[in-house]
Amino acid sequence: MPYKFRASKKNKQAIIPIQEIKGRFDLLKERFANRPLLTAGVITILAVVLISIPAYRIFTRQSEDRAWALEIEASRLFHEKQAAVSEADKKDATKGQTSMERLIKASMLYDDILNRYPASMAAVIAQFEGGNVYFELEKYDLAEKRYLAFLKKETAQKDLLPLVHLRLAYLYQKQKKDALALDHFRIAYEWEGGFNKDQAGYERGALLERIGKKDEAIETYKKVSEAFKDSPWGTEAKTRLAMLKASTAT
């Protein structure tokens, strides 16, 4: 039997007659009419709110545009290959910069985005790419700071998170912090749906091999070579696996 919801008597008694509503509205109008300063204040507040909303949207849009303009320039300095500079182009300070100068300028631009526009979408890229630039500059402490901040703040960036773990692994490997490097290679390798899983797996196997953990290296190479047969990293893992097995057999 279908259940029917019926209003209780209590609910029926709570209904306010239309005449009473109209009376309350007239009373409210009368109070505002008798208090012009109050009325003016309310109108002013409403006007400020109505003006502020589109103004805030315009400001946010402009800030986002400025942040992306900085990111585009930083990315150009970081990623574009430096072409041969002609005598005419040497007058252009940007074209005449050395690779080191370009990296330093890019790092400054990424830092500028993070400092001035921390809430922008460009700041997400700046956090990651800023770490990459500092890595190239061999400023490993600053690179680590950027990567760790990304892992803490940008938990929604599922595509980039495994790449940050991979970059951290390379960073710790450079610093001879093998345990930390192995841990981040493992995270990047095991990340569900992550990019560069084959690369992370191979690099973990290579590091295990270098530090003398041959059994673990063999196991890792085996998994990578089987899971990524069509990948260059999988092919390299298969080659290293065969060589490692041969060396342990003798």
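Just so it is clear, the model here is predicted, and its values are computed rather than measured. (Residues numbered from 1 in each chain as written. Predicted model: local features only at pLDDT ≥ 70, side-chain atom pairs only at ≥ 80, totals over all residues. Heavy atoms only, no water.)

Caption draft 1: Focus on the packing of helix 10 (residues 214–227) against helix 11 (residues 232–249). For the pair helix 10 and helix 11, interaxial distance at closest approach is 8 Å and the crossing angle is 145°. Considering the relative orientation of helix 10 and helix 11, their crossing is left-handed. Residues Lys214, Ala217, Ile218, Tyr221, Lys222, Val224 and Ser225 of helix 10 form the contact with helix 11, whose participating residues are Trp233, Gly234, Ala237, Lys238, Arg240, Leu241, Leu244, Lys245, Ser247 and Thr248. The residue makeup of the contact of helix 10 with helix 11, split by class, is eight nonpolar, four polar and five charged. (Axes fitted to C-alpha atoms, helices over the stretch in contact; angles between N-to-C directions. Helix = DSSP H or I, 4+ residues; strand = E, 2+ residues; numbered from the N terminus. Left-handed = near helix turned anticlockwise from the far one by under 90°. Contact = heavy atoms within 4.5 Å. Nonpolar A, V, L, I, M, F, W, Y, C, P; charged D, E, K, R; others polar.)

Caption draft 2: Representation of the environment of Glu203 in the model. Residue placement: Glu203 occurs in helix 9 (residues 197–210). Take Glu203: its relative accessible area is 12%, and that puts it in the buried class. Considering only alpha carbons, one finds Glu203 and Trp233, 30 residues apart in sequence, at a separation of 8.8 Å. When sequence neighbours within four positions are dropped, the list of residues in contact with Glu203 reads Tyr170, Phe185 and Trp233. (Buried < 20%, exposed > 50% of the residue type's maximum accessible area, 1.4 Å probe, protein only.)

Caption draft 3: Looking closely at the pattern of salt bridges. Considering all chains together, one arrives at nine salt bridges under this definition. Arg186 is the salt-bridge partner of Glu190, the closest N and O atoms lying 3.1 Å from each other. With Glu190 and Arg186 both in helix 8 (residues 178–190) and four residues apart, the pair spans about one turn of that helix. Among the salt bridges present, the one from Glu219 reaches Lys223, with a minimum N-O distance of 3.5 Å. Residue Glu219 and its partner Lys223 are both found in helix 10; the two are separated by four residues, about one turn of the helix. Judged by relative accessible area, Glu219 falls into the partly exposed class, the value being 45%. (Salt bridge = Lys/Arg side-chain N within 4 Å of Asp/Glu carboxyl O.)

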